[in-house]
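Residue-level listing of the chains:
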Amino acid sequence: MLFKQQALLRQKLFVLGSLAIGSVLYLVARVGTLDRLQPICPIERRLTPPEPEQIPLRTLQFKRGLLHELRKGNATKEQIRLHNLVQQLPRAIIIGVRKGGTRALLEMLNLHPAVVKASQEIHFFDNDQNYARGIDWYRGKMPFSFPHQITIEKSPAYFITEEVPERIFKMNSSIKLLIIVREPTTRAVSDYTQVLEGKERKNKTYHKFEKLAIDANTCEVNTKYKAVRTSIYTKHLERWLKYFPVEQFHIVDGDRLITDPLPELQLVERFLNLPSRISQYNLYFNATRGFYCLRFNIVFNKCLAGSKGRIHPEVDPSVVTKLQKFFHPFNQKFYQITGRTFNWP
């Protein structure tokens with residue numbers, strides 16, 4: 001009985017072996033020679049980047065390394081061609097607001113594997129000389145990216161410059177626009193502090209914030225002072241709404257981005273129709289700096305420049321109160337337009 005079972009097993013193995021050999025011979029016969037057999041997944045298809053929702057975070061290190069070499073000018077034309085890299089016009093722009101946290105927002109969004117950032121502020125739409133150079137010049141300032149990725153740039157001067165909404169509309173009427181705001185009085189003081197630091201570096205004197213923010217003749221808020229004008233968010237937004245529907249704007253809470261960034265970043269991911277990829281792993285609090293820093297992977301971390309988080313000068317409380325009362329009605333209108341409410345005074 002055992003002998004018959006062994007014989008039957010040998011017979012089955014012989015049949016299976018014959019079928020396998022037959023399959024190989026059939027393939028060889030079709031192609032002509034074994035050396036000419038094509039792989040199941042052609043090289044071209046294997047190099048095609050996956051769709052955004054299929055991007056694994058573990059590919060991030062390789063991609064960032066390659067894109068970093070491109071930014072340094074070290075990548076070859078063959079690498080660019082082989083990986084199908086392109087310079088794309090942005091599909092989203094952080095248009096403002098100055099001192100609202102535009103740099104922090106851009107760097108944090110760059111944690112997402114489907115996002116590539118322009119490292120420098122391009123100032124294409126707000127600078128007449130740059131704008132005259134044309135859209136190809138602008139594209140040439142964009143970073144290399146994979147076709148499925150979204151390029152994002154930030155130039156906070158865009159938000160307050162009159163010509164910009166129409167110029168961006170002419171480039172892409174469906175572009176997504178990001179506005180990051182902070183409590184208006186705090187933002188104005190931060191704006192002043194940055195200018196003050198620049199003056200001090202050049203050994204120049206500068207007026208106190210109170211003297212600039214309050215008109216000495218009327219004792220009212222000085223709306224000619226740029227730092228005050230910039231904080232009247234609704235005035236600038238109304239100009240943008242002449243060209244873009246409110247649905248194409250997303251308002252980011254700059255104050256919350258400092259204290260609890262992940263929920264704000266997840267809202268932006270949804271607005272940009274990106275799969276959720278940024279996690280708490282990518283953000284860690286640096287107690288020395290007092291800010292969240294970025295973790296791209298196990299070996300690459302990044303904190304914002306030391307110039308971020310400057311200590312503000314003390315401002316007369318009565319001036320602060322006056323400014324808060326001045327901004328209040330504009331804030332209420334901003335809430336109504338955008339549908340996002342903040343706990344501002």
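What comes next concerns the included structure. All values derive from a computational prediction rather than experimental measurement. (Residues numbered from 1 in each chain as written. Predicted model: local features only at pLDDT ≥ 70, side-chain atom pairs only at ≥ 80, totals over all residues. Heavy atoms only, no water.)

On to the overall build of the protein chain. Check the secondary structure of the protein chain and you find 15 helices and 10 strands. Each of the 345 residues in the protein chain was classed as buried or not, and the buried ones make up 42%. Residue pairs at least 24 apart in sequence account for 72% of intrachain contacts in the protein chain once pairs closer than 6 positions are excluded. As presented, the protein chain carries roughly 19,600 Å² of accessible surface, and 54% of it is formed by carbon and sulfur atoms. (Helix = DSSP H or I, 4+ residues; strand = E, 2+ residues; numbered from the N terminus. Buried < 20%, exposed > 50% of the residue type's maximum accessible area, 1.4 Å probe, protein only. Contact = heavy atoms within 4.5 Å. Areas by Shrake-Rupley, 256 points an atom, 1.4 Å probe, with all protein chains shown as cover.)

Next up on the list: the packing of aromatic side chains. By the definition in use, this model includes 24 aromatic pairs. Measuring from ring centre to ring centre gives 6.0 Å for F169 and Y243, while their planes differ by 50 degrees; the resulting arrangement is tilted. Residue F169 is found in helix α8 (residues 164–171), and its partner Y243 is found in the loop between α12 (233–240) and β7 (249–253); the two are separated by 74 residues along the sequence. Owing to a relative accessible area of 33%, F169 belongs among the partly exposed residues under this scheme. Residue class for Y243 comes out partly exposed when judged on its relative accessible area of 31%. Here Y335 and F342 contribute two aromatic rings whose centre-to-centre distance is 6.2 Å and whose plane-to-plane angle is 55 degrees, an arrangement assigned as tilted. An aromatic cluster of three or more residues is present, and its members are F124, F125, Y131, W137, Y138 and Y158. For R167, the ring lying beneath its charged end belongs to Y131, and the centroid distance is 4.2 Å. Between the NZ or CZ atom of R295 and the centre of the ring of Y281, over which it lies, the distance is 5.1 Å. (Phe/Tyr/Trp six-rings, centres within 6.5 Å; stacked < 30°, edge-to-face > 60°. Lys NZ or Arg CZ within 6 Å of the ring centre and 35° of its normal.)

A side chain with one charge may pair with a side chain of the opposite charge, provided their charged atoms come close. The tally for this structure, following the rule as stated, stands at 13 salt bridges. Residues D255 and R182 are paired through a salt bridge, measuring 2.9 Å at the closest nitrogen-oxygen approach. Residue D255 is found in helix α13 (residues 254–259), and its partner R182 is found in the loop between β6 (176–181) and α9 (184–201); the two are separated by 73 residues along the sequence. Given a relative accessible area of 24%, D255 falls into the partly exposed group. The partner of R256 in a salt bridge is E264, and the shortest N-O contact between them spans 3.2 Å. (Salt bridge = Lys/Arg side-chain N within 4 Å of Asp/Glu carboxyl O.)

Most of β6 is tucked away: 5 of the 6 residues are buried. In the sheet, β6 pairs with β7 via 5 bridges, with the strands oriented parallel. Opposite I180, over in β7, you have V252 as the bridge partner. (Pairing = 2+ DSSP bridges.)

This part takes up the state of the cysteines. Tallied over the entire structure, the rule returns 1 disulfide. The disulfide partner of C293 is C303, and the gap between their sulfur atoms is 1.8 Å. Since a negative S-S torsion denotes a left-handed disulfide, the C293-C303 link at about 105 degrees is right-handed. Within this pair, whereas C293 is found in strand β9 (residues 291–295), its partner C303 is found in the loop between β10 (301–302) and α15 (317–338), the two being separated by 10 residues in sequence. Classification of C293 by relative accessible area gives buried; the value is 1%. (Disulfide = S-S within 2.5 Å.)

With that out of the way, let us pick up the sheet that holds strand β8 (residues 283–286). Across the sheet, 3 strands lie side by side as β8-β9-β10; this open sheet has antiparallel pairing. Strand pairing shows two members of the sheet lacking a second neighbour, β8 and β10, which therefore form its edges. Where β9 meets β10, 2 bridges bridge the pair, whose relative direction is antiparallel. When the sheet's bridge partners are listed, R295 is paired in β10 with N301.

Interhelical geometry of α12 versus α15 gives an angle of 35 degrees and a closest axis separation of 8 Å. In contact with Y233, T234, K235, L237 and E238 of α12, α15 contributes F330, K333, F334, I337 and T338. When the residues that make up the contact of α12 with α15 are grouped by side-chain class, the tally is 5 nonpolar, 2 polar and 3 charged. (Axes fitted to C-alpha atoms, helices over the stretch in contact; angles between N-to-C directions. Nonpolar A, V, L, I, M, F, W, Y, C, P; charged D, E, K, R; others polar.)

Checked against the element boundaries, D136 lands in helix α7 (residues 135–140). Sequence spacing of D136 and L89 is 47 residues, and the spatial spacing of their C-alpha atoms is 9.2 Å.

Moving on: the pairing of β8. With 4 bridges connecting them, β8 and β9 associate as antiparallel partners. Across the sheet, residue L283 finds its bridge partner in β9, namely L294. Two successive antiparallel strands, β8 and β9, enclose a turn made up of 4 residues, where G290 displays a positive phi of approximately 80 degrees.

Buried residues dominate helix α5 (residues 102–109), accounting for 8 of its 8 residues. All buried positions along α5 are accounted for by T102, R103, A104, L105, L106, E107, M108 and L109.

The grouping of Y281, I298, V299 and F300 at the surface amounts to a nonpolar patch, some 460 Å² of accessible area in total. Within the secondary structure, Y281 is located in the loop between α14 (261–271) and β8. A residue is classified by how much of its surface remains accessible, and Y281, at 41% relative accessible area, is partly exposed. (Patch = residues over 30% accessible without salt bridge, like charges linked within 9 Å, V, L, I, M, F, W, Y side chains within 5 Å.)

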